[in-house]
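# Results of the structural survey
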Amino acid sequence: MFMFSHHLFKRVNLFSTNLRFFRWQWTRVKHTYHHPQLISEQSFVKRQNHTSITTNVSLLQHTGPSTLYTEFAELPLPVSADFVGVDVARVTYSVRDHERNTIQSLTKTFPGGITSDHHTTSHDSSEVKAFTTSPSKSRQAILREISNGTSTKRFVEIWAGTQIEASLDVTKYHDAFHTDNFTFSLSFSPSETSLLYTAEANINSDDNALDDPYPKFRYTPHFGEPSRAKKRSTIFLFRWTRSTAFTRTAKQDMLLVALSLAQPTQVPVLFGQATFATEDVIYASGHEHTKDGRLLGEPLLVLRISCNALKLTPSDRSCRSPRVLYNDSQTPTKLFWFSNPVGGPHASCVSLESCDLTTGANKVLVNTVYIPNYNMPSSPFLRRRDRIYINQEQFPDETKMRDGEPLYSWDLLATDDKTRFICSRSTPTTPYEVLLGYFDHHDNLNWKVLDQPTLSFAAENALRDLTASIIPIGARPPTETLVIQSKKASTRSGPKPICVTLPHGGPHVSSTTSFYPATAALALEGYTLSLPNYTGSLGFGEKYIQKLLGHCGTMDVQDVVESVNELIRLGISEHGRQVIQGGSHGGFLAAHLIGQYPTLFNAAVMRNPVTSVGELGASDIPDWAYAEFGLQFTPDSLMTPAIFQKMFEASPIAHVDSIRAPVLLLIGEDDLRAVPAQGLRLYHALKGKKRRVEMLWFKGETHPLDGVEAARVSWEAGRDWFKKLGQSPAD
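Residues numbered from 1 in each chain as written. Predicted model: local features only at pLDDT ≥ 70, side-chain atom pairs only at ≥ 80, totals over all residues. Heavy atoms only, no water.

## Examining the environment of Val 128
Stated precisely, the cut-off is as follows: In DSSP terms, a helix is any run of H or I states spanning at least four residues, a strand is any run of E spanning at least two, and both are numbered starting from the N terminus. Partly exposed describes any residue whose relative accessible area lies between the buried limit of under 20% and the exposed limit of over 50%, with all areas from a 1.4 Å probe on protein chains only and scaled to the type maximum. Throughout, a contact is declared for two residues whenever any of their heavy atoms are within 4.5 Å.
Among the secondary structure elements, Val 128 is positioned in strand 7 (residues 128-133). Residue class for Val 128 comes out partly exposed when judged on its relative accessible area of 24%. Considering only alpha carbons, one finds Val 128 and Phe 155, 27 residues apart in sequence, at a separation of 9.7 Å. The contact partners of Val 128, leaving out residues within four places of it in the chain, are Ile 142, Leu 143 and Arg 144.

## Digging into the environment of Leu 106
One can find Leu 106 in strand 5 (residues 102-111). On the accessibility criterion, Leu 106 (8% relative accessible area) is buried. Expressed as a C-alpha distance, the spacing of Leu 106 and Ser 125, which sit 19 residues apart in the sequence, is 8.5 Å. Residues contacting Leu 106, with those up to four places away along its chain left out, are Val 91, Thr 92, Tyr 93, Val 95, Thr 121, Ser 122, His 123 and Asp 124.

## Regarding the sheet that holds strand 23 (residues 362-369)
Threshold: A pair of strands is treated as paired once DSSP finds two or more bridges between them. Whenever a helix is involved, its axis is fitted only over the stretch in contact; in every case the axis is a line through C-alpha atoms, and angles between N-to-C directions fall within 0 to 180 degrees.
Pairing within the open sheet is antiparallel, and its four strands lie in the order 20-21-22-23. Two strands bound the open sheet, and with one partner strand each, they are strand 20 (317-326) and strand 23. The mean inter-strand angle of the sheet, taken between neighbouring strand axes irrespective of direction, is 20°. Two elements, strand 20 and strand 21 (residues 332-341), share eight bridges in a ladder whose sense is antiparallel. Bridge pairing links Leu 325 to Lys 334 in strand 21.

## So, the packing of aromatic side chains
Test applied: Side-chain rings of Phe, Tyr and Trp (the six-membered ring for Trp) are treated as a pair once their centres are within 6.5 Å; stacked means planes under 30 degrees apart, edge-to-face means over 60, and tilted covers the remaining angles. Counted as over-ring charges are cases with an Arg CZ or a Lys NZ within 6 Å of the ring centre that also lie within 35 degrees of the ring normal.
In the structure shown here, the tally under the stated rule is 16 aromatic pairs. Ring geometry for Phe 336 versus Phe 381: centroids 5.6 Å apart, planes at 55°, classification tilted. You can see Phe 336 sitting in strand 21 and its partner Phe 381 sitting in strand 24 (residues 381-384), a full 45 residues away along the chain. The pair Phe 336 / Phe 381 is uniform in exposure class, with both members buried. One aromatic cluster is present, formed by Tyr 408, Trp 410, Phe 421, Phe 439 and Trp 447 through successive ring pairs. Here the guanidinium or amino end of Lys 108 rests over the ring plane of Tyr 93, the centre of that ring lying 5.4 Å away. Note that Arg 425 overlies the ring of Tyr 408, its terminal NZ or CZ placed 4.0 Å from the centroid.

## Concerning the packing of helix 7 (residues 555-569) against helix 8 (residues 585-596)
Rule in force here: The scheme is simple: roughly parallel for angles under 35 degrees, roughly antiparallel for over 145, roughly perpendicular for 65 to 115, oblique for anything else. Note on residue categories: nonpolar means Ala, Val, Leu, Ile, Met, Phe, Trp, Tyr, Cys or Pro, charged means Asp, Glu, Lys or Arg, and polar means any other residue, Gly included.
Running from N to C, helix 7 and helix 8 cross one another at 75°; their axes reach a closest spacing of 10 Å. The angle between helix 7 and helix 8 falls in the class roughly perpendicular. Across from Asp 556, Val 557, Val 560 and Val 561 in helix 7, the residues of helix 8 making contact are His 585, Phe 588, Leu 589, His 592, Leu 593 and Gln 596. A class-by-class count of the residues in the contact of helix 7 with helix 8 yields six nonpolar, three polar and one charged.

## Some details on the nonpolar core
What counts here: Put simply, a nonpolar core is a bunch of buried Ala, Val, Leu, Ile, Met, Phe, Trp, Tyr and Cys residues held in one set by side-chain atoms that sit within 4.5 Å of each other.
Grouped together as the largest cluster of nonpolar side chains are 46 residues, with contacts concentrated most on Leu 593, Ile 594, Met 606, Val 613, Val 663, Leu 665 and Leu 682. Contributions of two or more residues to this core are made by helix 7, helix 8, strand 36 (604-607), helix 9 (623-628), strand 37 (663-668), helix 11 (676-688) and strand 38 (693-698). Setting aside residues no more than four positions away along its own chain, Val 663 makes contact with Ile 594, Ala 604, Met 606, Leu 686, Arg 692, Val 693, Glu 694 and Trp 721.

## Brief notes about the sheet that holds strand 4 (residues 88-97)
Taken together, the four strands give an open sheet; going across it, the order is 3-4-5-6, and neighbouring strands pair in antiparallel fashion. The sheet is open, and its two borders are formed by strand 3 (77-85) and strand 6 (120-123), each paired with just one other strand. Across the sheet, the mean angle from the axis of one strand to that of its neighbour is 25°, orientation sign disregarded. In this structure, strand 5 lies alongside strand 6, joined through four bridges in antiparallel fashion. Pairing of Thr 107 across the sheet is with Ser 122, part of strand 6.

## Thoughts on unusual backbone geometry
The amide bond that connects Pro 477 to the next residue, Pro 478, takes the cis arrangement and shows omega of 5°. Looking at the element boundaries, Pro 478 is found in the loop between strand 31 (466-472) and strand 32 (480-486). Residues other than glycine seldom take positive phi values, yet Ser 321 does so here, at roughly 60°. Tracing the backbone shows Ser 321 in strand 20. Even without being glycine, Gln 330 reaches a positive phi, approximately 65°. With respect to the helices, strands and loops of the structure, Gln 330 is situated in the loop between strand 20 and strand 21. Take Gln 330: its relative accessible area is 52%, and that puts it in the exposed class.

## What to know about the pairing of strand 13 (residues 194-201)
Moving residue by residue along a regular strand, the side chains alternate between the two faces of the sheet. For strand 13, the buried fraction is high: eight of the eight residues fall into the buried class. By the bridge criterion, two bridges tie strand 11 (residues 174-177) to strand 13 in an arrangement that is antiparallel. Residue pairing in the sheet places His 174 in a bridge with Ala 201 of strand 13. The sheet contact formed by strand 12 (residues 186-188) and strand 13 spans three bridges and is antiparallel. Bridged to Leu 186 within strand 13 is Tyr 197. The turn linking strand 12 back onto strand 13 is made up of five residues, and Glu 192 within it adopts a positive phi angle of 60°. Examined bridge by bridge, strand 13 and strand 14 (residues 233-240) share seven bridges and lie antiparallel to one another. Opposite Tyr 197, over in strand 14, you have Phe 236 as the bridge partner.

So, to be careful, I would describe these as geometric facts and stop short of saying anything about function.
Given below as C-alpha cells:
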C-alpha cells in the first residue's frame, strides 16, 4: 500500500532558488478511497467658558476618480496561451473589474490561425483554477473548485472534445490546488492516460486528536509572500483507464496517488513544477528547508514515480523551470532548466543548463543571461530546419531602439513546439496586443496580429499625446532612465511639468518598456515621468548586480540623483519641480533621497517602503538585508550590535532629521516582506518631529498593494498628493 508522507514542508523564498534533481520509479499502487478614511489630527483647545474641538484639515484631499486610469486598468491583460488544435490558438487574459472589486479571467480562441480573422470569447468560470491541453491536442485537463459559501469541493476533469472522459472528486484527498509560478504543475503523460498536478496536502488527523491537540497547533513554515497559504506542496498523480465504450471512466478505474519520498530525508522536501518525460519518469522542483527551518531555495529534482530519488544538480546551484525536449519519435532526449548560484542577491542573471537524458551529462548552454520572468514558457521550443531554439518568456526588442520606432517590450506566451508561437507586446504608450509569429517554408519570420485592445476615442486620443524615450545617464554608465511625457505639457510655455521620479523596487528587477496603466494615466495628468534603472537593475549583466551589494543607500541613491540632474541638463525637467514615488526598495530609495537631499524633491509617496534595515527580522526574507548590504547570512545569523549599526547607517531612518518634504505612506496590513512596522517606524518618527506626513492603511493587502481597490486608491492618492504639494518646495 502506498504510504502518504505529509511532514516534509518548508517555506519558499520567492527570490532565490536552490534546485536539484531526483528520479522516481513508478510502482503500481492501488488507491484506497476511504474610500479609505483619511484620519485627521484633532487638537483640543480649552477656552475660558467652554471646551471646543477643532479639526485640522488633512493634506490629502480626494479630487475624484480618473476615467482614464479605470479604462486602462480594466483592459484585458494577456497572461498565458496555448495551441489547442492543429490551427487553433487560445489566449487567456486577466481582467480587473472596479465595480465588483474583482479580478476575472476570459479566454479568446482564434480558429484558423493565419487564415482567419475571427475569434470567440468566453468568460472563464471562477470555478476553473487551471487547465491545459494534451500533447495531441485531443484532450483537456481542468482543475475545478466549487464553493457554495459554506463548503468547497474540488474536481480533476479530463475532457475529450465536448465529453468528460474522467472526473474525480479529490476534495478529501488534499486542500487547494497550487496554481502559482513556484509550485504549479499540470502535465499529461505521453499516453494521455495520466496527469500530474500540485496541491496542498491535508493536515494529518486521526481519532486521537482530542487526546493530542499539538499537531493542530504545531508551527509549519509557509512559502512566504505571496504564497502564505502554501505549506505542504505535494505532487499528485491522477491515472485513469479509458472506457472502450467511450463513456465516462468508472471510479474503480481511476487512481490518485500523492508522491513523496519513500524514505524521508533528514531535511524535509516539498515538490512542484512537475512534468512527465515518459510514463514512469517525471521531472520536478523540490524545496528544501535550511537548518533553521527556513526555505531559501528550490532544488530542482528529477523524480521517478516510485520515489527513488536521484539528484541531478549540485547543492551550490539554485534551479527551476524544468522543460523536456522530445525528438520526432516522441522520445525524451534533453532536459533544460534555469540555474543560479545559491545565496547572494535576491534575483540575478541565470544560466540555461541541460542534461542529456541518454548519457546523463549536464552542460551549461548559456551562462548568466537576463531572464526577467521566473519560468520558461510551458512549451519553449521552436524548430527551424535542423535546429531547435529555446525561447525565454520576456525580452525587450533591441532592434527597435532607433529613433521613431516603437519601444516594444515582448512576452512569449506559448509555442507549438514547431514553427509557430504566440506573443504579446506593448510600449509605455501602447496597450498590449497579441500576435502570432510563424516561419514559412522559406524560413522567413511572419507576424499576424490576433488581438488588439478596444479603447474609447478619448483614451486613444489621450495616448497619442504621450511619448516615451530612453535617456542614458552619461555620468554613471550603464544606468539609464525611461522618460514618459505629454507632448502638449512638455512644449507648453512657462514652467516645465512636474517630474515624477519612479525608482523600481527589488533592487534586482528593472523598469521595462511595457505598458503600465498607472504610469500612462499619471503621465496624462500632465506629469513627466522618469523611471531610472540604477546599478543593480537586471538588464546590465551580473557584474552590475554584484556591484550594488554592500552599497545600497549610496550607489543606487547617487544613480537616481544623477538621473534627475541629467533630465534637468537636457531641459526635460527643472529644479524646484521634482517629486518622487516608489515601493519596496523604490520606497527605500525615495526615503533616502528626501533625507540625503532634502531640497531636491517637493513631495514623496512610498508604498510599503524599507526604512530601517536592521529591523527586518520579521520579514519572510531576512537574508535579503544581509546580502544586499554586504553581509554574510547563515542559518544561525543573529543581529549583533555591530551588524545593526551598519544596517542603521545604510537605512533611510538615519536621515529622518533632515527630511523636509511631505510624505504619503501607503501600507499593506498583511505585508510579510517589508513588514508594516517599517512604514510605521517612519510615520511616527516624522510625526514626532512635526513633519507633514499621512498614511493610508490597506487591510488585507500584501506587499504589492495590487488588489483592485487598493491599486486604484493608491494611484489616486499619489496623484492628489502631488497635485496639492508637488509644486511647493519642501520647507
